Amino acid sequence: MNGSPGFAAILSGLLPGLGQMYGGRWVRGILMILVPIFVVLLSGAFIAIADPLTTLVLRNAPGFTFLVAGLFFIYHVYVVADAFAGRLTGLGAFRGRRAFDYFALGLVCVFLVTFYAAAYRGSAPWAGLAAKIFAPIANAPLLGNPGGETPPPAWTGNERLNVLLLGIDSRPGDTTTQNTDTMIVLSLDPLNKTAAMLSIPRDVYINRPGLLTDKINAAYAFGGADLAKRVVEDLLGIHINSYALVDFDAFTKIVNAVGGVIVDVQRPVRDETYPTPDYGVERLDITTGPQLMDGALALRYARSRHDSNDYSRAGRQQQVLSALRQRLVDGDLFRSLPAIVDNVGSAVQTNFDPANVLPLARVGSGIDGNAIRSEVLYPCGGDYPHCELNFSSSDAGFFLLPDAAKVRDLAATIFYDPQVKAEGASIEVRNTGGRAGLAQTVADRLAERSFTVSIVTNGSAGRSAVLVRNSAKRYTANALAQQLGGLPVDAFPSGDPTSADIVVRVGSDWKGLATDLGR
């Protein structure tokens, strides 16, 4: 043994394996450093990839955290003892040492007990956070798929991420109120660093026998978040990756936890009959101008609808969400987040894949506030920038009937394909037998979907098709064919001059975009 055993123990206490290298056992020391790293990476990969393991870990998150801390503690103590013993074996390796060496060994052991106890206490709230927020995943069956449904593909971080936010009007002691007061699709484009929010009015009527025949806000009451997700997917014609469920009490606590949100009130909000938790009413009066709102005021600002309508209320809800996001981005809330969620309890739930939380947070925090688009499904007949809903009133109540083609048309412009925009393929739209002005109309609608239309021309008669000149832009060509109702994709003929990567021919057989065919 070279050097002091006590000093070797101190070194391995600071970094497992360092004491072994101090004693001349380089290979053993390097292995003791690498083994726990390898085990953590391999175990983490298995847990993230294998759904049953993810469910098992989330279901038993506190116990799993204790087990991990205990195993690391035992391993660390073993490494320290090995560094102290050096090349000697058996109990004789611990005899005949100087008082300093024994004192150093005891000091390191006390340090390890204190360190791992503190590490466990610090990580336990995070375990509670995971178990509560990801309760839908934790409560999933460990094996099999009883519903017979194929699980959706995992988010890779390259395609658009759509999350359905459901706000539940849950009041103390009330187990019957299960309608959603708020339905917002939050969408993230990770490639182009943009985001979007689309609010769906709660009076939208869904007439899909076998799925839902009622107002859309009743979907959660009939089939929970899963049914609400399926109904919104069917309405908008998009894929919803996951959902987040928040009740009003949780929303209030979250806003308070970040110190309130700064909201610039554009129009005064006056409501003489704002509903209270005890089923009474109170007067609400919010003046214009920038102001710091606590959780209770932010909730009132977002919920009030008696002063105007559900559409202005949707805009206010999105405004508060944007302010909350900005507060989270600006503040240092990483350390306090577990305590926040612990106070909120199980009132916030999501089925979002835990493995994607950190990538999502990294991408989301890098999006500029000006790159977030806010939209609402509006009714026709009013002073709105666009309309997708029609009024209907009868003895059965008030409804908003969606125009399926218009709704999906708007959704297509909001939730465009990020890879298409990132690829930036130049597109020529060529009229080859369609009516006058049709090519320009098609070009305008493609531009709204973030396709890069460079020129609109006329050409000789030909059938509608997508022609690829630049094979490197094949992804955009396939996406175009899908958007254009399934047009064939062919190679661009040689000798036909064009500077565009892709040419879209609009012929006399043109039937319309895919959203038109869905009427």
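Residues numbered from 1 in each chain as written. Predicted model: local features only at pLDDT ≥ 70, side-chain atom pairs only at ≥ 80, totals over all residues. Heavy atoms only, no water.

Undergrad: Hey, could you go over the sheet that holds strand 11 (residues 348-350) for me, with residue numbers and the actual values?
TA: Within the open sheet, the 6 strands sit side by side as 11-6-1-2-3-12. Their pairing is mixed. Sheet topology places strand 11 and strand 12 (372-376) at the edges, where each strand pairs with a single neighbour. Taking each pair of neighbouring strands and ignoring which way they run, the sheet shows an average axis angle of 15°. Where strand 1 (residues 161-168) lies against strand 2 (residues 180-189), 8 bridges are found, and the strand directions are antiparallel. (Pairing = 2+ DSSP bridges. Helix = DSSP H or I, 4+ residues; strand = E, 2+ residues; numbered from the N terminus. Axes fitted to C-alpha atoms, helices over the stretch in contact; angles between N-to-C directions.)

Undergrad: Describe the state of the cysteines, with residues and values.
TA: Under the defined criterion, the tally for this structure stands at 1 disulfide. Across the disulfide, C380 is cross-linked to C387 (sulfur-sulfur distance 2.2 Å). Because the torsion about its S-S bond is 80°, the bridge between C380 and C387 counts as right-handed. Judged by its relative accessible area of 23%, C387 is partly exposed. (Disulfide = S-S within 2.5 Å. Buried < 20%, exposed > 50% of the residue type's maximum accessible area, 1.4 Å probe, protein only.)

Undergrad: Describe in detail the pattern of salt bridges, supporting the description with residues and values.
TA: Enumeration according to the criterion identifies 21 salt bridges in this entry. A salt bridge links D181 to R313; the nearest nitrogen and oxygen atoms lie 2.9 Å apart. With D181 in strand 2 and R313 in helix 11 (residues 310-330), this residue pair connects regions lying 132 residues apart in the sequence. Assigned by exposure class, D181 and R313 land together as buried. Across the salt bridge formed by K229 and E233, the nearest N and O atoms sit 3.4 Å from each other. Of the two residues, K229 and E233 both sit in helix 8 (residues 219-236), 4 residues apart, roughly one turn of that helix. Take K229 and E233: they sit in the same class, and that class is buried. Sharing partners across several salt bridges, the network here consists of D181, R202, R303 and R313. (Salt bridge = Lys/Arg side-chain N within 4 Å of Asp/Glu carboxyl O.)

Undergrad: Residue-level account of the pairing of strand 13 (residues 389-394), with values.
TA: Two elements, strand 13 and strand 14 (residues 397-402), share 6 bridges in a ladder whose sense is antiparallel. Paired with N390 across the two strands is L401, which belongs to strand 14. What sits between strand 13 and strand 14 in their antiparallel hairpin is a turn of 2 residues.

Undergrad: Can you tell me about helix 14 (residues 404-414), naming the residues and giving the values?
TA: Three or four residues apart is the spacing at which side chains of an α-helix point the same way, because the helix has 3.6 residues per turn. Burial of helix 14 is extensive: 8 of the 11 residues sit out of reach of the surface. Of all the positions in helix 14, only A405, V407, D409, L410, A411, A412, T413 and I414 are classed as buried.

Undergrad: Explain the nonpolar core to me, and be specific about the residues and the numbers.
TA: Within the largest apolar cluster, 38 residues are counted, with the highest numbers of intra-cluster contacts made by L166, V185, I200, I216, V232 and L236. Contributions of two or more residues to this core are made by strand 1, strand 2, strand 3 (194-199), helix 8, strand 6 (242-247), helix 11 and helix 14. Once residues within four sequence positions are removed from consideration, L166 is found in contact with T180, T182, M183, Y220, A225, A228, A244, L245 and V246. (Core = buried A, V, L, I, M, F, W, Y, C linked by side-chain atoms within 4.5 Å. Contact = heavy atoms within 4.5 Å.)

Undergrad: Summarise empty space enclosed by the protein; cite the residues concerned and give the values.
TA: Per the stated rule, a full pass over the model turns up 1 cavity of 30 Å³ or more. The calculated volume of the largest cavity comes to roughly 80 Å³. Residue lining of the largest cavity: D181, T182, M183, S199, I200, P201, R202, D310, R313, A314 and Q317, and that is the complete set. It is helix 11 that contributes the most residues to the lining of the largest cavity, 4 residues altogether. In the lining of the largest cavity, the residues fall into 4 nonpolar, 3 polar and 4 charged. (1 Å grid on protein atoms, 1.4 Å probe; cavity = no way out; pocket = protein on both sides within 12 Å on 5 of 7 lines; lining within 4 Å. Points joined across faces, edges and corners; volume = space filled by probe spheres on them. Nonpolar A, V, L, I, M, F, W, Y, C, P; charged D, E, K, R; others polar.)

Undergrad: Report on the side chain of Q318, specifying residues and quantitative values.
TA: By secondary structure assignment, the location of Q318 is in helix 11. Overall, the relative accessible area of 3% leaves Q318 in the buried class. Setting aside anything within four residues of it in sequence, one finds Q318 in contact with I184, M197, L198, S199, S374, E375 and V376.

Undergrad: I'd like a description of unusual backbone geometry, backed by residues and values.
TA: The phi dihedral of K193 is positive, around 55°, even though this residue is not glycine. Here K193 lies in the loop between strand 2 and strand 3. Given a relative accessible area of 39%, K193 falls into the partly exposed group. The residue S450 is not glycine, and still its phi comes out positive at about 70°. Looking at the element boundaries, S450 is found in the loop between helix 16 (438-448) and strand 16 (452-458). Here S450 falls in the buried class, since its relative accessible area comes to 16%.

Undergrad: Could you give an account of the sheet that holds strand 16, naming the residues involved and the relevant values?
TA: Across a sheet, strands are paired by hydrogen bonds formed along the backbone, either parallel or antiparallel in direction. Across the sheet, 5 strands lie side by side as 16-15-19-17-18; this open sheet has mixed pairing. Single-partner strands in this sheet number two, and they are strand 16 and strand 18 (489-491). For this sheet, the mean angle separating the axes of adjacent strands, direction not counted, is 25°. In the sheet, strand 17 (residues 465-468) pairs with strand 19 (residues 502-507) via 4 bridges, with the strands oriented antiparallel. Directly across from V468, in strand 19, lies its bridge partner I502.

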